Amino acid sequence: MGDLSFERLDVDGALAEAAERAGVVSRGTFLAGALGGTAALLALASEPAAGQGGGLGAKDVSILNYALTLEYLQATFYTEAERMGALRGRAAEAAEVVGGVERAHVKAFRDVLGKKAAARPSFDFQGTTEDQNGFLKTAVAFEDLAVEAYKGQAPRLQATSALAAALAIHSVEARHAAWMRYLFGVEPASRAFDQPRSKQQITRVVQSTNFITSSPSTERRRTPRYTG
C-alpha cells in the first residue's frame, strides 16, 4: 500500500494553506487536527493484509465502500464547483477547503480497501455547481446526509480501528455541515440530538437526486466526467 500520511494527502501543503487563507484555522492548528484524524486511518491500514481489505471482515468492507461512495459524491461535487469557477467569496473558499478534505477521505479509504475499493461512479450535478445558491443548498444537504450516514453505520462496524476511522471522519463531516449551514443562512445546530439514517434511507435520498449516473463497483474505471 505504501505509507499513508497527511503529508502524502496534503500535497505541497495545499489543504493547510487553503484552510489558513480561508480564515478557518492557522496552518499549525489545521495540521494538528488533520494528523489526529489520519491516525485512526493509519491504524486501520496497519491491520493484517492492509491495503487489500484483507484485515477487515466482509461486513466492514461493505460499510467502508458505502462510505467511500458518499465521499466520491462529495469530493466530485466540490471539485467540479471549483473547476466551474462560479462561486464567490466565502463559498469559493469553503469549496476549496472542504473539497481538499473530501478528496483526502477518498484517498485514505481507497488505500485502506485496496483492490476491494469500489470504483468511482460518474456524476451529473445538473447545474448545482454553476450557481452559488444552488451549490450552498446542495452542500448543506450533502454534509447533513454524510453526518447521518456515518452516525448510522458506526455502531455496525466490527473492527475497532474501522470504528475509530469512521468516528474521526464523522466529526469532520459535522464541522463541514455546520460551516455550510452558516454560509447558507441556516441554523447550524438547532436540535439537542441528531438522529442517524440507515443505509437504505441514505441510498433512497441519493438516488432521488439522480446525481449518480453509473453504479459503483469494484471494477476499475476512468476518472468521472465533470459536467457543466
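Just so it is clear, the model here is predicted, and its values are computed rather than measured.

A word on the overall build of the protein. Looking only at helices and strands, one finds eight helices and zero strands in the protein. By residue count, 47% of the 228 residues in the protein fall in the buried class. Considering only contacts within the protein whose residues lie at least 6 apart along the sequence, 82% involve residues at least 24 apart. For the protein, the accessible area works out to roughly 11,000 Å², and carbon and sulfur atoms hold 52% of it.

On to the nonpolar core. Leu 56, Tyr 78, Phe 135 and Met 180 are the most contacted members of the largest nonpolar core, which totals 44 residues. Elements with a minimum of two residues in this core: α4 (58-84), α5 (89-113), α6 (132-153), α7 (160-184) and α8 (199-209). Top element by residues in this core is α4. It accounts for 13 residues.

What follows is about the environment of Ala 177. Relative to the helices and strands, Ala 177 resides in helix α7. The sequence separation of Ala 177 and Val 147 amounts to 30 residues, and the corresponding C-alpha distance is 7.8 Å. Setting aside chain neighbours within four positions, we find Ala 177 in contact with Glu 143, Asp 144 and Val 147.

The subject of this paragraph is the packing of α4 against α5. Here α4 crosses α5 at 150°, and the two axes come no closer than 8 Å. One way to sum up the angle between α4 and α5 is to call them roughly antiparallel. Considering the relative orientation of α4 and α5, their crossing is left-handed. On α5, the residues that touch Val 61, Leu 64, Asn 65, Ala 67, Leu 68, Glu 71, Tyr 72, Gln 74, Ala 75, Tyr 78, Thr 79 and Glu 82 of α4 are Ala 95, Glu 96, Val 98, Gly 99, Glu 102, Arg 103, His 105, Val 106, Phe 109, Arg 110 and Leu 113. Each residue belonging to the contact of α4 with α5 can be placed in one class, and the counts come to 12 nonpolar, five polar and six charged.

Our next topic: the packing of α5 against α7. Where α5 contacts α7, the axes come no closer than 11 Å and their chain directions differ by 160°. Regarding the angle of α5 to α7, the classification is roughly antiparallel. The interaxial crossing formed by α5 with α7 has left-handed handedness. Across the interface between the two elements, Arg 90, Ala 91, Ala 94, Val 97, Val 98, Val 101, Glu 102, His 105 and Phe 109 of α5 pack against Ile 169, Val 172, Glu 173, His 176, Trp 179, Met 180, Tyr 182 and Leu 183 of α7. Of the residues belonging to the contact of α5 with α7, the class tally is 12 nonpolar, two polar and three charged.

Rules used in this analysis
- Residues numbered from 1 in each chain as written.
- Predicted model: local features only at pLDDT ≥ 70, side-chain atom pairs only at ≥ 80, totals over all residues.
- Heavy atoms only, no water.
- Helix = DSSP H or I, 4+ residues; strand = E, 2+ residues; numbered from the N terminus.
- Buried < 20%, exposed > 50% of the residue type's maximum accessible area, 1.4 Å probe, protein only.
- Contact = heavy atoms within 4.5 Å.
- Areas by Shrake-Rupley, 256 points an atom, 1.4 Å probe, with all protein chains shown as cover.
- Core = buried A, V, L, I, M, F, W, Y, C linked by side-chain atoms within 4.5 Å.
- Axes fitted to C-alpha atoms, helices over the stretch in contact; angles between N-to-C directions.
- Parallel < 35°, antiparallel > 145°, perpendicular 65-115°, else oblique.
- Left-handed = near helix turned anticlockwise from the far one by under 90°.
- Nonpolar A, V, L, I, M, F, W, Y, C, P; charged D, E, K, R; others polar.

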